[in-house]
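Tertiary structure, described
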Amino acid sequence: MARSIINRRSLLQGAAGAAALGALPALAQDGTTEFLPAASTVRNNVSSFRMLEWQNYFDNTRGGAILVDITSRALHYWSEDQSIYRLYPTSVPLSEDLTRRGKTEVVQKVVNPAWRPTASMKERNPDWPDVVEGGAPDNPLGTRALYLSWTYYRIHGTHDTRKIGRRSSNGCIGLYNEHIEELYEMAQVGTQVLLI
């Protein structure tokens, strides 16, 4: 009799614990507005950082090609002669209204770029400074930036490595500083860029 009471008690306690876990609220990641479930079998990285073929996205690799996959939060780079392929984790825009998709190109390359928030960014965050000089350790553009033909859009480094892999930017694509430094050396003005 005592043994069946212990088993029943253990069973009830285990069921109550499992129910309590399922009732926990979703947890927010620090510094983002993105919510992740407390426990899940859902894959957050849709692509699993798999290699892609450039032919599915570009007619050629003249000048090199950069593909940014917003969903999988990955940047793919192919050199013009296709001898170099790189895959980097990225940060992506916080929301759909900050996200641009389509074809663009690299129009300028800058070492230690200065950062200036746009008018809409200042409106949302009035306490932000008007400028953060290039080379400053807290510069949101990191150590390198590839300016795109779209005004205000960049592929750049970041001093805040917690942002990589998250929806955390105001429109730009962010890379670890060591990755943007490598990409900066390979990409050139005129490199074609596609955001999907």
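Residues numbered from 1 in each chain as written. Predicted model: local features only at pLDDT ≥ 70, side-chain atom pairs only at ≥ 80, totals over all residues. Heavy atoms only, no water.

**Description of the pattern of salt bridges**
Side chains that differ in sign of charge can pair as their charged atoms come close. Across all of its chains, the model carries four salt bridges by this definition. With its nearest N and O atoms 3.3 Å apart, the salt bridge here joins Glu-182 to Arg-86. With Glu-182 in helix H3 (residues 177-186) and Arg-86 in strand E5 (residues 85-89), the pair connects residues that are 96 residues apart, well separated along the chain. The partly exposed category is assigned to Glu-182, whose relative accessible area is 32%. With a shortest N-O distance of 2.9 Å, Arg-162 and Asp-160 are connected by a salt bridge. (Salt bridge = Lys/Arg side-chain N within 4 Å of Asp/Glu carboxyl O. Helix = DSSP H or I, 4+ residues; strand = E, 2+ residues; numbered from the N terminus. Buried < 20%, exposed > 50% of the residue type's maximum accessible area, 1.4 Å probe, protein only.)

**Here we look at the packing of aromatic side chains**
Per the counting criterion, the structure on display carries four aromatic pairs. Where Trp-78 meets Tyr-85, the ring centres are 5.4 Å apart and the plane angle is 45°; that geometry is what we call tilted. Neither residue differs from the other here; Trp-78 and Tyr-85 are each classed as buried. Centre to centre, the rings of Trp-150 and Tyr-153 are 5.9 Å apart; their planes meet at 85°, and the pair counts as edge-to-face. Three or more aromatic residues link up through ring pairs in this structure, and these residues are Phe-58, Trp-78 and Tyr-85. (Phe/Tyr/Trp six-rings, centres within 6.5 Å; stacked < 30°, edge-to-face > 60°.)

**Quick word on the confidence of the model for the chain**
Per-residue confidence for the chain gives a mean pLDDT of 82; residues scoring 70 or more make up 76%. Predicted confidence is poor over residues 1-6, with pLDDT under 50, and the contacts of this stretch with residues over four places away or in other chains come to zero contacts. For residues 8-12, every residue scores under 50 in pLDDT, and the model assigns this stretch zero contacts once sequence neighbours within four places are set aside. (pLDDT = per-residue confidence, 0-100. Contact = heavy atoms within 4.5 Å.)

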